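Understanding the architecture of this molecule
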Amino acid sequence: MTQETEIPLTHPKEASEGIPPVMGPGYTFRSISEKISSITLARRTPRAWWLGFAVTFAFTLLLLYTILYLLFQGVGIWGINVPVAWGFAIINFVWWIGIGHAGTLISAILLLLHQKWRTSINRFAEAMTLFAVANAGLFPLFHMGRPWFFYWLLPYPNTMRVWPQFRSPLVWDVFAVSTYGTVSLLFWYVGLIPDLATLRDRARNRFVQIIYGIMAMGWRGSAYHWKRYEMTYLILAALATPLVLSVHTVVSFDFSVAILPGWHSTIFPPYFVAGAIYSGFAMVLVLAIPLRTFYGLQDFITMRHLQNMAKVTLATGLIVGYGYGIEAFMGFYSGNIYEKFTQLNRMFGPYAVYYWALIFCNVIAIQSLWFKSVRNNPVWLFLISLIVLVGMWLERYVIVITSLHRDFLPSSWGNYAPTVWDWTMYLGTIGFFLALMFLFVRLLPMISISEMQTLLAESKEAGEVTTEEKR
Amino acid sequence: MDTNPGLYGLLAEFDSPQTLLQATRSAYEAGYRRMDAYAPFPIEGLPDALGFHRTRMPLLILIGGLVGAVSGFALQYYCAAVSYPINVGGRPLNSWPSWIPVTFELTVLIASLTAVFGLLALCGLPMPYHPLFHVPRFSRATRDAFFLCIESTDPRFNLPATKDFLAGLNPREITEVPQ
């Protein structure tokens, strides 16, 4: 069998420069397929999986309990009030939706840019996107107070004879986020079809065969199908690329179209998009580092992937830091007393501790990623990614709270503090997100089998074979 | 022409993407047209070897995108300028710049839905039953085996002759696929 040869995936040039390969050595088409699908098809579920799922599921129940109590009592259980009517709901919405952006960036933009290293991380990054968007959607939904009327946001002929206000960014948000959720789901599912067929064909259990068989829809790897499939996948990537940029732009319009000092700024769209990608890559690192260790996937998610993600995190983090700088500069340079006051209030007002914590997380801590030794150390990368996630949450906290709590008229000033229900809802969504990730790694292949095989075939054709074929 | 009731075609299994590609080219040169190749991942040049050069997917998706753009803009124009016009300080009712985001989102949404459902429709999926699923070894087509199937509906198909032809391509195994 000629294809059962060992092929190290290192380009000779890259190897001489000490760049780690995108795939460990010694894999064949068969061993790639078996290694990835056996995680899903394993009869026994690892004990650590059960433990992790139990803990995260408990937090999911906390989320359900909070929502039930919220529906019973109303949004008054949260800390929101005039003038800060948007508290945690919008902070967490923006935080979650931003995290989702890295999944689309990895799967769509890096595909268009022919970045080979995207292959082994795109599947679970896309799953992360879906679950993050689902959690993001919960916050505006329940902030509405009467979420059962959510369909009033959609344009449909109704007896009230009114339509949504299409000149409002909040309505744009409904369209942007729902389109984003739908397209992410389609992209993810299309990517899964060939792998579902692999699982169908490898499964021994009749029930499992039927379930994967239904989901694979009769895929059989026909060359005609592959041609249409590749074309569709490429065009979906091309559609998802501007989409992902538009989503966080529209989210930033929610703020920047308002005339509030600290919000009414043209830097918001690019600065929000960069922040989204920055936090999203941090979340991918937070998920990838334990996953590759626990499931022994260091050959597929190599140091190359971790290093590259660290570099993207650093680059986008610097853009975010530039955004903070310009915001502060414009506050003073504009000559507008309200803008200037808002900046001073952010830095030295009642919420100053959050501002300086965010500067520490997003501007100072990430500078360590300049060092190769840090980028090469998964433990450090994991810790820095956690700091980034906290920092991006603090950023939204500062933007939302400090601008709202002291606007133009001192008579309308107030303060904001989250209640225990704000925290249970937030922690609940984190639990729900992780519980969904646990289910995902158990039930679906977390790395794309067919794309890894393509990667292997391509490197073979490109002559990136340093050892002669055996046998 | 030989009619073979009860036979879907002849399935030849190959070792590697390269041998499958060569075999497909030879079969095309020998005049076979109603055939298909199966692999666990897309192989460059294989659809061309089968004589499948262009897919209609891009055209379909373009049409979907145009439908989304036009209907998205028309929806907003109808709602905000025709059905429920609000005069805000005499500003124009057709405030098109503020309608661009939703128009864009609907363009992407309809184009993507067309892409996925168009892909399934053109490929004839979902297809719960296919004669090839009868062949036990065919389950490896989604893992590490490469197949070429010459279908019995091909005008040049002749069971012994086609079998001899396939045997000359150095396959690992040849199977008769029942209907």
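What counts as what
- Residues numbered from 1 in each chain as written.
- Chains lettered and ligands numbered in written order.
- Predicted model: local features only at pLDDT ≥ 70, side-chain atom pairs only at ≥ 80, totals over all residues.
- Heavy atoms only, no water.
- Helix = DSSP H or I, 4+ residues; strand = E, 2+ residues; numbered from the N terminus.
- Buried < 20%, exposed > 50% of the residue type's maximum accessible area, 1.4 Å probe, protein only.
- Areas by Shrake-Rupley, 256 points an atom, 1.4 Å probe, with all protein chains shown as cover.
- Lys, Arg positive; Asp, Glu negative; His and termini not counted.
- Charge placed at Lys NZ, Arg CZ, Asp CG, Glu CD.
- Expected span 1.5 Å × (residues − 1).
- Contact = heavy atoms within 4.5 Å.
- 1 Å grid on protein atoms, 1.4 Å probe; cavity = no way out; pocket = protein on both sides within 12 Å on 5 of 7 lines; lining within 4 Å.
- Points joined across faces, edges and corners; volume = space filled by probe spheres on them.
- Nonpolar A, V, L, I, M, F, W, Y, C, P; charged D, E, K, R; others polar.
- Pairing = 2+ DSSP bridges.
- Axes fitted to C-alpha atoms, helices over the stretch in contact; angles between N-to-C directions.
- Polar contact = N/O pair within 3.5 Å; in protein donor to acceptor, adjacent residues only side chain to side chain.
- Parallel < 35°, antiparallel > 145°, perpendicular 65-115°, else oblique.
- Left-handed = near helix turned anticlockwise from the far one by under 90°.
- pLDDT = per-residue confidence, 0-100.

**Here's the deal with the overall build of chain A**
Assigned secondary structure in chain A consists of 16 helices and zero strands. Taken over the C-alpha atoms alone, chain A extends approximately 85 × 55 × 40 Å along its principal axes. Split into buried and exposed, the 471 residues of chain A put 58% on the buried side. Total accessible area on chain A stands at roughly 19200 Å², and carbon and sulfur atoms take up 69% of it. One finds the centroid of the 32 positive side-chain charges in chain A at a distance of 6 Å from the centroid of its 23 negative side-chain charges.

**Some details on helix 11 (residues 337-348) of chain A**
Residues and elements named next belong to chain A. Taking 1.5 Å of rise per residue, the twelve residues of helix 11 would be expected to cover 16 Å, and the 16 Å separating its terminal C-alpha atoms lies within 8% of that figure. Restricting attention to buried positions, one finds in helix 11 the residues Glu339, Thr342, Gln343, Asn345, Arg346 and Met347. Contacts made by the buried residues of helix 11 are with helix 10 (303-333), helix 12 (352-364) and helix 14 (378-405).

**Comments concerning empty space enclosed by the protein**
All names here are of chain A. Following the criterion strictly, the structure yields six cavities of 30 Å³ or more and no others. Approximately 70 Å³ is the volume attributed to the largest cavity. Forming the walls of the largest cavity are Gly103, Thr104, Ser107, Glu126, Thr129, Tyr180, Val183, Ser184, Phe187 and Ala240. When contributions to the lining of the largest cavity are tallied by element, the ones reaching two or more residues are helix 4 (87-112), helix 5 (122-143) and helix 6 (169-202). Top contributing element to the lining of the largest cavity by residue count: helix 6, with four residues. For the lining of the largest cavity, the residue count by class is four nonpolar, five polar and one charged.

**Side note on the sheet that holds strand 4 (residues 173-178) of chain B**
All names here are of chain B. Judged by pairing direction, the sheet is antiparallel, and its four strands sit side by side in the order 2-3-1-4 without closing on themselves. Unpaired on one side and paired on the other, strand 2 (35-38) and strand 4 mark the two borders of the sheet. Between one strand axis and the next, the sheet turns through 20 degrees on average, direction left out of account. Pairing analysis gives four bridges linking strand 2 to strand 3 (residues 146-151), with the strands arranged antiparallel. Across the sheet, the residue bridging to tyrosine 38 is phenylalanine 147, located in strand 3. Sitting on the sheet, helix 5 (residues 159-167) is in contact with strand 1 (7-14), strand 3 and strand 4, with an inclination near 10 degrees to strand 1.

**Some thoughts on the side chain of serine 403 of chain A**
Residues and elements named next belong to chain A. Within the element layout of this structure, serine 403 appears in helix 14. Here the side chain of serine 403 touches tryptophan 263 through a polar contact of 3.4 Å, side chain to side chain. Non-local contacts of serine 403, meaning those with residues more than four positions away in its chain, are made with Leu260, Pro261, Gly262, Trp263, Thr342, Arg346 and Val398.

**Regarding the packing of helix 10 of chain A against helix 14 of chain A**
Each packed pair of helices is defined by two parameters, the angle between the axes and the distance between the axes. Residues and elements named next belong to chain A. Interaxial distance between helix 10 and helix 14 falls to 12 Å at its minimum, and their mutual angle equals 30 degrees. Between helix 10 and helix 14, the angle is such that the two are roughly parallel. Helix 14 is crossed by helix 10, and the crossing has left-handed handedness. Along the contact surface, helix 10 presents Met303, Leu306, Ala310, Thr313, Val320 and Tyr324, while helix 14 presents Pro378, Leu381, Val388, Met392 and Glu395. Per-class residue counts for the contact of helix 10 with helix 14 are nine nonpolar, one polar and one charged.

**Some remarks on the confidence of the model for chain A**
When pLDDT is averaged along chain A, the result is 88, and 94% of the positions lie at 70 or above. Every residue in residues 465-471 of chain A scores below 50 in pLDDT, and together they form 14 contacts with partners more than four places removed in sequence or on other chains.

**What to know about the layout of surface pockets**
If you add up the space inside the largest pocket, you get close to 1000 Å³. In terms of lining, the largest pocket is formed by 32 residues, of which the most central are Leu111, Glu230, Thr454 and Glu458 of chain A together with Pro42 of chain B. Counting residues per element, the ones that place at least two in the lining of the largest pocket are helix 4, helix 8 (223-256) and helix 16 (449-461) of chain A together with helix 2 (46-49) of chain B. Among the elements that make up the lining of the largest pocket, the one with the highest residue count is helix 8 of chain A (eight residues). Grouping the amino acids of the lining of the largest pocket by side-chain chemistry returns 15 nonpolar, eight polar and nine charged.

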